[in-house]
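As a plain string of letters, each chain reads:
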Amino acid sequence: MENLKTQVAIIGSGPAGLLLGQLLYKAGISHIIIEQRSADYVAARIRAGILEQVSVDLLHKAGVDENLKQFGIPHEGIEILTNGLKHRVDLSSLTQGKQVTVYGQTEVTKDLMHAREAADLCTYYEAQNVQIHDFEKQQPYVTFQKDGQSFRLACDFIAGCDGYHGVCRASVPQDKIKTFEKVYPFGWLGVLADVPPVSDELIYVQSERGFALCSMRSKTRSRYYLQVPVTDHVEEWSDERFWNELKSRLDEESCNNLVTGASIEKSIAPLRSFVTEPMRFGKLFLAGDAAHIVPPTGAKGLNLAASDIAYLSSALIEFYQRNSTQGIDEYSEKCLKRVWKAERFSWWMTHLLHRFETETEFDHKIKQAELNYILDSNAGLTTLAENYVGLPY
Ligand code: APR
Ligand code: PHB
């Protein structure tokens, strides 16, 4: 057994764990990341791609925004297509100049991993049988195996950044934790293709055949999604079937502008809303997907992970630099307040734009009226825009 020691043990090297590591490193606080997958696997995962301004600012603070500044594409508006007509939501003018940035989570992850490598920070990839211990006592520790060797990592705090299926949330005694969940009866079929995007801005599509989304990663790489039954398999969706179905949900102008091509990635993701309360258990903090999941319709997943990390990093810095536990004590409450607002927005966008099999004709008409109201009213548009660009920390 090899004995290790650090101030903060971070479980999981997704965006949440990596960003926390980088912010702690900048503040001179020691940490070690323990990740069950390989570095290559972590760097290659394809996920969403919209950053709120506050997330961009946090990546700047962490000193990892060089590529983001060069390759991120600022967007001042989005389009919503309903009843065959496109409506522009002018995010910037509705929110006093705020905007979002199109920059893939895969790129954010790679930038953070490069910064980590450059600073020679310690990560145990491919760690097996990771377990957390004594987080409700004075001296927590983590055990794991790697390459046949056993490790024991003593620490002051454990950051559970190990995603929805991780070990941290699962280690909390049942009577200390409450979870809230809504599972949607459909999934998103996503396709990545090296073709120019159909439009300069994202198009959220509400149609009789279901939801669709036209997004992008760059001027030459597009990301498209279709609402599909959650029981569908990717093998049932040839590229040709995908493009035909997408066209059937778009307006004529977009169909004419759509450039199709071979997919370079195709996958189906289920949609879920999920929240854990509280987010701190003694010396264990949950952050990111370990604590909450949103359906991707509002593009909030990565941004919520970032806001948790903003609160957590300041709480830990405050503790080590000023010997104050205020940030630690307030962590869960502060995070959850913002989390629930983003949960509400993501649920609402999902509800408004998708087709539900169970909905009656009356439900459908009411939903259409709500969407028409939002798009015709300055108050409605402002509500949508201020949530989409991200609520303040
Ligand atoms: N031990 C160590 N690592 C683990 C364990 C475990 N038992 N279980 C899971 N992990 C790792 C996963 O392999 C993954 O690399 O934890 C990491 C969690 O990363 P993410 O799932 O990306 O979660 P997070 O960092 O919170 O990022 C949230 O990712 O899923 C999207 O929509 C989400 O954009 C949001 C972002
Ligand atoms: C994406 O580009 O992957 C994306 C964009 C906006 C969303 C969801 C996903 O709401």
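Residues numbered from 1 in each chain as written. Chains lettered and ligands numbered in written order. Predicted model: local features only at pLDDT ≥ 70, side-chain atom pairs only at ≥ 80, totals over all residues. Heavy atoms only, no water.

Here's the deal with the site of ligand 2
- Around ligand 2 there are 14 residues in total, and Tyr 204, Ser 215, Arg 217, Tyr 225 and Pro 296 lie nearest to it.
- In the model, an oxygen atom of ligand 2 is placed 2.6 Å from a nitrogen or oxygen of the Ser 215 side chain.
- Between ligand 2 and the protein, one listed contact pairs an oxygen atom with a backbone N or O atom of Pro 296 at 2.9 Å.
- Protein chains bury 100% of the 280 Å² of accessible surface belonging to ligand 2 in isolation.
- Broken down by secondary-structure element, the contributors of at least two residues to the shell around ligand 2 are β16 (212–216) and β17 (222–229). (Near = heavy atom within 4 Å. Polar contact = N/O pair within 3.5 Å; in protein donor to acceptor, adjacent residues only side chain to side chain. Areas by Shrake-Rupley, 256 points an atom, 1.4 Å probe, with all protein chains shown as cover. Helix = DSSP H or I, 4+ residues; strand = E, 2+ residues; numbered from the N terminus.)

Examining the packing of aromatic side chains
- Counted according to the given criterion, the structure contains 20 aromatic pairs.
- On the basis of an interplanar angle of 90° and a centroid distance of 5.1 Å, the ring pair of Tyr 164 and Phe 274 is categorised as edge-to-face. One end of the pair, Tyr 164, is in the loop between β13 (157–160) and α7 (167–170); the other, Phe 274, is in strand β18 (residues 263–277), with 110 residues separating them in the sequence.
- Given a relative accessible area of 4%, Phe 274 falls into the buried group. (Phe/Tyr/Trp six-rings, centres within 6.5 Å; stacked < 30°, edge-to-face > 60°. Buried < 20%, exposed > 50% of the residue type's maximum accessible area, 1.4 Å probe, protein only.)

Details of the site of ligand 1
- Around ligand 1 sit 24 residues in total, of which Glu 35, Arg 45, Arg 47, Gln 105 and Asp 289 are the nearest.
- Contact distances for ligand 1 include 3.2 Å between a nitrogen atom and a backbone N or O atom of Gln 36.
- One nitrogen or oxygen atom from the side chain of Asp 289 is found 2.6 Å from an oxygen atom belonging to ligand 1.
- At the level of elements, α1 (15–26) and α10 (301–322) are the ones that each hand at least two residues to the shell around ligand 1.
- Examining the composition of the shell around ligand 1, we find that three residues originate from one element, α10, more than from any other.
- Here the residues of the shell around ligand 1 sort into nine nonpolar, nine polar and six charged. (Nonpolar A, V, L, I, M, F, W, Y, C, P; charged D, E, K, R; others polar.)

Overview of unusual backbone geometry
- Note the cis peptide between Glu 277 and Pro 278, where omega equals -10°.
- For Pro 278, the position within the fold is in the loop between β18 and β19 (280–281).
- A positive phi is found at Asn 129, a non-glycine position, where the angle reads about 50°.
- Tracing the backbone shows Asn 129 in strand β10 (residues 128–133).
- Assessed through its relative accessible area of 45%, Asn 129 is described here as partly exposed.
- Positive phi, close to 60°, is recorded for Ala 299, a residue that is not glycine.
- On the secondary structure map, Ala 299 appears in the loop between β21 (292–293) and α10.
- Residue classification places Ala 299 among the buried residues on the basis of a relative accessible area of 13%.

Brief notes about the UniProt feature "domain: FAD-binding" (unreviewed entry) in the protein chain
- The positions that UniProt labels "domain: FAD-binding" (unreviewed entry) are, in the present scheme, residues 5–346.
- Taken as a whole, residues 5–346 contains 34% helix and 31% strand, while its terminal C-alpha atoms sit 40 Å from one another. (UniProt positions renumbered as here; feature names shortened; annotations may be inferred.)

Describing the packing of α10 against helix α11 (residues 326–353)
- Where α10 contacts α11, the two axes come as close as 9 Å, and the packing angle between them is 170°. When the axis of α10 is compared with that of α11, the two are roughly antiparallel. In this structure, α10 crosses over α11, and the sense of that crossing is right-handed. Where α10 approaches α11, its residues Asn 303, Leu 304, Ser 307, Asp 308, Tyr 311, Leu 312, Ala 315, Glu 318 and Phe 319 are matched on the opposing element by Gln 326, Gly 327, Ile 328, Tyr 331, Lys 334, Cys 335, Arg 338, Val 339 and Ala 342.
- Its residues assigned to classes, the contact of α10 with α11 shows 10 nonpolar, four polar and four charged. (Axes fitted to C-alpha atoms, helices over the stretch in contact; angles between N-to-C directions. Parallel < 35°, antiparallel > 145°, perpendicular 65-115°, else oblique. Left-handed = near helix turned anticlockwise from the far one by under 90°. Contact = heavy atoms within 4.5 Å.)

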